[in-house]
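Observations on chain architecture
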Amino acid sequence: MTQRTCGNCRWWVRLKHATDAGECRRHAPAASARHADARWTTTWETDFCGEWAEGSITPEQEQELKDYIAAVRELVPDAPQKFIETCKEYGFTPGAAAAHYRNW
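These figures come from a predicted structure and were not determined experimentally.

1. Comments concerning the state of the cysteines
Using the criterion set out here, one finds zero disulfides in the structure. Cysteine C9 remains unbridged, with the sulfur of C24 as its closest cysteine sulfur at 6.3 Å. Given the relative accessible area of 12%, C9 is considered buried. With no disulfide of its own, C24 lies 5.9 Å from the sulfur of C49, the closest cysteine sulfur.

Rendered as structure tokens:
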């Protein structure tokens, strides 16, 4: 299963000069008490938060997967393994399929 850390989140961009630090691009840059100018939030690769998003799929694919989940849930609400297998057939990674299934 994919670890939900900044390093493999869709919104995280590694800093060019760092090996394990990057910027979270989930929300617009913001000013803070430490920095008067707006900046992206800097995090370590191993950090995590509640807004992690699968980095191996695009936003469009994620919406397609959510739509598919809704349709499957109506038809087969108690079949997680069949759901994950079908998602694999559609090209979604097992981690993405399992993560979205858990979010039902």
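Back to the write-up after that little detour.
2. Brief notes about the environment of R39
Among the secondary structure elements, R39 is positioned in the loop between β2 (21-24) and β3 (41-44). Residue class for R39 comes out partly exposed when judged on its relative accessible area of 41%. For the pair R39 and A28, spaced eleven residues apart in the sequence, the C-alpha separation amounts to 8.2 Å. R39 has contacts with P29 and A30, leaving out every residue within four places of it along the chain.

3. A short note on the confidence of the model for the protein chain
In this model, the protein chain carries an average pLDDT of 78, and 77% of its residues clear a pLDDT of 70 or more. Of all helices and strands in the protein chain, the one with the weakest mean pLDDT is helix α3 (residues 94-102) (62), whereas β2 scores best (92).

4. Side note on the sheet that holds β2
Ordered in space as β1-β2-β3, the three strands form an open sheet in which the pairing is antiparallel. Single-partner strands in this sheet number two, and they are β1 (12-14) and β3. Across the sheet, the mean angle separating the axes of adjacent strands is 40 degrees when strand polarity is ignored. Here three bridges tie β1 to β2, and the two strands are oriented antiparallel to one another. Bridging across to β2, R14 finds its partner in G22.

5. Re the pattern of salt bridges
Taken as a whole and judged by the stated rule, the model has four salt bridges. Across the pair E51 and R26 runs a salt bridge, and its minimum N-O distance is 3.1 Å. Taken as a pair, E51 in the loop between β3 and α1 (59-75) and R26 in the loop between β2 and β3 lie far apart in primary sequence, 25 residues in all. Assessed through its relative accessible area of 38%, E51 is described here as partly exposed. Of the charged contacts, one joins R39 and D37 as a salt bridge, the two residues approaching to 3.4 Å between their closest N and O atoms.

6. What about the side chain of E23?
With respect to the helices, strands and loops of the structure, E23 is situated in strand β2. By relative accessible area, which is 18% here, E23 ends up buried. Of the polar contacts made by the side chain of E23, one reaches the side chain of R25; its length is 2.7 Å. In contact with E23, other than residues within four places in its own chain, are W11, W12, V13, L15, W40, T41 and T42.

Calculation criteria
- Residues numbered from 1 in each chain as written.
- Predicted model: local features only at pLDDT ≥ 70, side-chain atom pairs only at ≥ 80, totals over all residues.
- Heavy atoms only, no water.
- Disulfide = S-S within 2.5 Å.
- Buried < 20%, exposed > 50% of the residue type's maximum accessible area, 1.4 Å probe, protein only.
- Helix = DSSP H or I, 4+ residues; strand = E, 2+ residues; numbered from the N terminus.
- Contact = heavy atoms within 4.5 Å.
- pLDDT = per-residue confidence, 0-100.
- Pairing = 2+ DSSP bridges.
- Axes fitted to C-alpha atoms, helices over the stretch in contact; angles between N-to-C directions.
- Salt bridge = Lys/Arg side-chain N within 4 Å of Asp/Glu carboxyl O.
- Polar contact = N/O pair within 3.5 Å; in protein donor to acceptor, adjacent residues only side chain to side chain.

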